[in-house]
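Report on the structure
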Amino acid sequence: MEAQPTSLTGRLEAITNSPTLKGMVQPAFQVPPSFLIREVKEIFGADRPLNAIVVAEKDVPLGLIMSIHLDRALSQQYGVSLYHNKPVTLVMDDKPLIVPADLPVELAAGEAMQRDPFRIYDHLIVVEDGLLIGTVSVQEILLTLATLQSQRTADMVEVNAQLTSAKETAEMVNQQLRDAYDKLQEADRNLAAAESGLG
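One structure accompanies this document, and this report is about it. All values derive from a computational prediction rather than experimental measurement.

**What about helix α2 (residues 37-45)?**
When we look at burial in α2, the residues that qualify are I37, V40, I43 and F44. What you see down the axis of α2 is that its buried residues fit within an arc of 115°, all on one side. Residues of α2 that are exposed and point more than 90 degrees away from the buried face comprise E42 and G45.

**What to know about the nonpolar core**
The biggest cluster of nonpolar side chains holds 17 residues, and the ones touching the most others in it are L21, V99, L124, V126 and I141. Looking at this core, the elements with two or more residues in it are α5 (105-113), β5 (124-128) and α6 (138-198). The biggest single contributor to this core is α5, with four residues. Each residue touching L21, except ones within four places of it in the same chain, is listed here: V99, P100, A101, L103, V105, A108, V126, V136 and I141.

**A look at empty space enclosed by the protein**
Tallying each qualifying case throughout the model produces one cavity of 30 Å³ or more. Looking at the largest cavity, its volume works out to about 30 Å³. Considering the residues around the largest cavity, the lining is formed by L64, I65, M66, H69, L70, V91, M92, D93 and R119. When residues of the lining of the largest cavity are traced back to their parent elements, those giving at least two are β3 (60-66) and α3 (67-75). Tallying contributions element by element places β3 first for the lining of the largest cavity, with three residues. Looking at the lining of the largest cavity residue by residue, the class counts come to six nonpolar, one polar and two charged.

**A look at unusual backbone geometry**
Phi at D59 is positive, roughly 65°, even though this residue is not glycine. Among the secondary structure elements, D59 is positioned in the loop between β2 (52-57) and β3. Overall, the relative accessible area of 36% leaves D59 in the partly exposed class. Its identity as a non-glycine residue notwithstanding, D129 has a phi of 55°, on the positive side.

**Examining the pairing of β5**
Counting buried positions along β5 yields four of five residues, so the element is predominantly enclosed. Here strand β4 (residues 98-100) runs beside β5; their pairing, made up of three bridges, is parallel. Looking at the pairing, V99 lines up with V126 of β5. The handedness of the β4 to β5 crossover, carried by α5, is right-handed. Here β5 pairs with strand β6 (residues 131-136) via five bridges, running antiparallel.

**Description of the packing of α2 against α3**
The relative placement of two packed helices is expressed as an angle between their axes plus a distance between the axes. Relative to each other, α2 and α3 sit at 125°, their axes nearing to 11 Å. What the angle tells us is that α2 and α3 run oblique. Both α2 and α3 take part in a crossing whose hand is left-handed. Listed contacts from α3 to I37, V40, K41 and F44 of α2 are S67, L70, D71 and L74. In the contact of α2 with α3, the residues fall into five nonpolar, one polar and two charged.

**Examining the sheet that holds β6**
An order of β4-β5-β6 is seen for the three strands of this open sheet, with the pairing classed as mixed. Each end of this open sheet is capped by a strand with a single partner; those strands are β4 and β6. Taking the axes of each pair of neighbouring strands and ignoring which way they run, one obtains an average angle of 40° across the sheet.

About the criteria used
Along each chain, numbering runs from 1 in the same order as the chain's sequence is written. Only residues with pLDDT of at least 70 are given local features in this predicted model, and only at 80 or more are side-chain atom pairs given and counted; all residues enter the totals for whole chains, interfaces and linings. Each side-chain value is worked out from all heavy atoms of the structure, with water and hydrogens disregarded. Residue burial is assigned from relative accessible area. The probe radius is 1.4 Å, only protein chains are included, and a residue is buried under 20% of its type maximum, exposed over 50%, and partly exposed in between. Where helices and strands are cited, they refer to DSSP runs of H or I of at least four residues and of E of at least two residues respectively, numbered from the N terminus. It is the directions from the helix axis to the C-beta atoms that the arc portrays. Only buried residues count toward a nonpolar core. Its members are Ala, Val, Leu, Ile, Met, Phe, Trp, Tyr and Cys residues joined through side-chain atoms within 4.5 Å. Residue contacts are counted whenever heavy atoms from the two residues lie within 4.5 Å of one another. Only protein atoms enter the 1 Å grid, on which a cavity is a set of points fitting a 1.4 Å probe that cannot get out and a pocket is an open set with protein on both sides within 12 Å along at least 5 of 7 lines, lining residues being those with an atom within 4 Å of a point. Grid points are joined across faces, edges and corners, and a volume is the space filled by probe spheres set on the points. Put simply, Ala, Val, Leu, Ile, Met, Phe, Trp, Tyr, Cys and Pro go in the nonpolar bin, Asp, Glu, Lys and Arg in the charged bin, and everything else, Gly too, in the polar bin. Paired strands, in this sense, are two strands between which DSSP finds at least two bridges. Seen with its strands pointing away from the viewer, a crossover is right-handed when the path leading from the first strand over the helix to the second is clockwise. Angles run from 0 to 180 degrees between N-to-C directions of axes, and those axes are lines fitted to C-alpha atoms, restricted for helices to the stretch in contact. Here roughly perpendicular refers to angles of 65 to 115 degrees, roughly parallel to angles under 35, roughly antiparallel to angles over 145, and oblique to all remaining angles. Handedness of a helix crossing follows the sense of rotation of the near helix relative to the far helix, less than a right angle counterclockwise being left-handed and clockwise being right-handed.

Encoded structure:
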């Protein structure tokens, strides 16, 4: 289990540091560009929680197929007859959002939100050294951001409490030093007065 920072410095680092996509990546179902659309439709229709397929060749991502967009294309007039036995390249998004695994989650969210509204909730394809390692859904990114914001708020409250405590301690120490200085001054005066009386 990862140790949690307890010092003030550790808390500040936890607030400023951001997790990357690498820890959120889910394995991607991938097919080659020669795959037929009807075959992809069968994969989506199988009993598995799958709504995105990456079109790739030798682990290099070429495109993305979201089930919702495929269903929309096939539901159009003559959609089935037009696409059913054609390669997936005809319906894939050939300009999907491909991001590196070490991209901070906030930056990934920003990139995702800048897409065309029609594609804004499409999965992000995650690569490492240019090769596919998986996908991340926008929903997962938003949930992570919400959790991160909540944790950062809690950390800020604790940091403020530690700073307040440190300030109070410093003020108490300063007061003690002032009191000690005053006592030394008084002792010096008393000693001087005693020496003057003896003289």
